[in-house]
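# Inside the fold
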Amino acid sequence: MLNKTQILSMLEFSKEHWPSISTLVVGLSLGISIFYAESYFGKFGLSYLHFVDFTDLIKLLFLSKTFFISIILLSGLFILASLLGSKAEVAESKVSRPKTFFTVVISLVIVPVIFFILIAPFTSPSLDASSIKNGYAAFYNIVYHGGKSKVKCASIIAVSSSNYLVWDFKNNKTIIIPKSQIIDFHLTLEKFKSKAAQQDVDTKIEELEERKQKLAKVCKHV
């Protein structure tokens, strides 16, 4: 249990080194975001960084709920590591300040990275991409290019400042549609949500079969 003196010393340490701590937080968060972007969009044959700006990269943090939660937890670990680092610095007053600070900085990098590696299987870009490619995402009917083009079974991969990136389920391809060209955009099939219990395999199979039938109707050529 930390006493008042230790807590104050931790807060003082965080305040004193906040520029370094915040830089590490932002740097690692953006680094992980770029990794996620390249891995996720690579599944659709895209290099996301080729046509987005900095704000789009920040928005990417909200693309996956599990990924967003992992970033929050990652930031929390930064704060925890910095506080523990300040406690160690106070306890080891005989250690030179540069050496102690170097140790703290290393811990701020290593702890969150190890944490992200551990949760990576649950925030995998492959899982998010597969959800779309397998038809579990919501589907939209999009009319664009002055009404000359249409995609009836489109799932949204992502949205940049000027474009919609969609997956054409029927034709198994990615389409980039400028926002300025969209004429009509409406939902035709909601995101798949299983009502079966985790162990109820038979019900889950029936639900997936029903989903396939709905998809066939949505993607049927007119």
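The structure displayed is predicted, hence computed values, not measured ones.

## Focus on the overall build of the protein chain
Counting secondary structure elements, the protein chain contains seven helices and five strands. Start at the N end of the protein chain and walk to the C end: the helices and strands fall as α-α-α-α-α-α-β-β-β-β-β-α. Put simply, the protein chain has 222 residues, and 35% of those count as buried. Taking the contacts inside the protein chain whose residues are at least 6 apart along the sequence as the reference set, 63% of them involve residues at least 24 apart. Approximately 13,500 Å² of the protein chain is accessible, and the part contributed by carbon and sulfur atoms is 63%.

## A few points about the sheet that holds strand E5 (residues 182-189)
Taken in spatial order, the five strands line up as E4-E3-E2-E1-E5 in an open sheet, and their pairing is antiparallel. Strands with a single pairing partner mark the edges of an open sheet, and in this sheet they are strand E4 (173-178) and E5. For this sheet, the mean angle separating the axes of adjacent strands, direction not counted, is 45 degrees. Of the strand pairs in this sheet, strand E2 (residues 149-159) and strand E3 (residues 163-168) are connected by five bridges, and their pairing is antiparallel. Note that in E3 the partner of Val 159 across the bridge is Tyr 164. Contacts from helix H7 (residues 201-218) reach strand E1 (139-144), E2 and E5 within the one sheet, and its direction differs from that of E5 by about 155 degrees.

## Section: H7
Taking 1.5 Å per residue, 18 residues should reach 26 Å; H7 reaches 26 Å between its end C-alpha atoms and fits that length. When H7 is considered as a whole, its buried residues turn out to be Glu 207, Arg 211, Leu 215 and Val 218. Buried residues of H7 fall within an arc of 80 degrees about the axis and therefore sit on the same side. Relative to its buried face, H7 has exposed residues pointing more than 90 degrees away, namely Asp 202, Ile 205, Glu 206, Lys 212 and Lys 217. Residues of H7 that are buried in the fold lie against E1, E2 and E5.

## Thoughts on the nonpolar core
Membership of the largest hydrophobic core comes to 14 residues, with the highest contact counts inside it found for Tyr 40, Phe 41, Phe 44, Tyr 48, Ile 132, Ile 157 and Leu 165. Every element with two or more residues in this core is listed here: helix H2 (18-42), helix H6 (125-133), E2 and E3. At four residues, H2 tops the list of elements feeding residues into this core. Residues Tyr 144, Ala 154, Val 166 and Ile 177 belong to the second largest nonpolar core, which totals seven residues.

## Notes on the packing of aromatic side chains
Inspection of the entire model under this criterion finds seven aromatic pairs. Their ring planes at 35 degrees and their centres at 5.5 Å tell us that Tyr 136 and Phe 192 sit as a pair that is tilted. Note that Tyr 136 is positioned in the loop between H6 and E1 and Phe 192 in the loop between E5 and H7, a separation of 56 residues in sequence. Classification of Tyr 136 as partly exposed rests on a relative accessible area of 29%. An angle of 45 degrees between the planes, with centres 5.1 Å apart, marks the rings of Tyr 164 and Phe 185 as tilted. Remark: Phe 185 occurs in strand E5 and Tyr 164 occurs in strand E3; sequence separation between them is 21 residues. Exposure remark for Phe 185: the relative accessible area of 27% places this residue in the partly exposed category. The structure contains a cluster of three or more aromatic residues connected by ring pairs, namely Tyr 40, Phe 41, Phe 44 and Trp 167. The ring of Phe 44 has Lys 133 lying over it, and the distance from NZ or CZ to the ring centre is 5.6 Å. Here the basic side chain of Lys 179 rests over the ring of Tyr 164, its NZ or CZ set 5.9 Å away from the ring centre.

## With respect to unusual backbone geometry
Phi at His 145 takes a positive value of approximately 55 degrees, unusual for a residue other than glycine. The residue His 145 is located in the loop between E1 and E2 in this model. Residue Asn 172 is not a glycine yet carries a positive backbone phi of 55 degrees.

Scoring rules and cut-offs
- Residues numbered from 1 in each chain as written.
- Predicted model: local features only at pLDDT ≥ 70, side-chain atom pairs only at ≥ 80, totals over all residues.
- Heavy atoms only, no water.
- Helix = DSSP H or I, 4+ residues; strand = E, 2+ residues; numbered from the N terminus.
- Buried < 20%, exposed > 50% of the residue type's maximum accessible area, 1.4 Å probe, protein only.
- Contact = heavy atoms within 4.5 Å.
- Areas by Shrake-Rupley, 256 points an atom, 1.4 Å probe, with all protein chains shown as cover.
- Pairing = 2+ DSSP bridges.
- Axes fitted to C-alpha atoms, helices over the stretch in contact; angles between N-to-C directions.
- Expected span 1.5 Å × (residues − 1).
- Arc of directions from axis to C-beta.
- Core = buried A, V, L, I, M, F, W, Y, C linked by side-chain atoms within 4.5 Å.
- Phe/Tyr/Trp six-rings, centres within 6.5 Å; stacked < 30°, edge-to-face > 60°.
- Lys NZ or Arg CZ within 6 Å of the ring centre and 35° of its normal.

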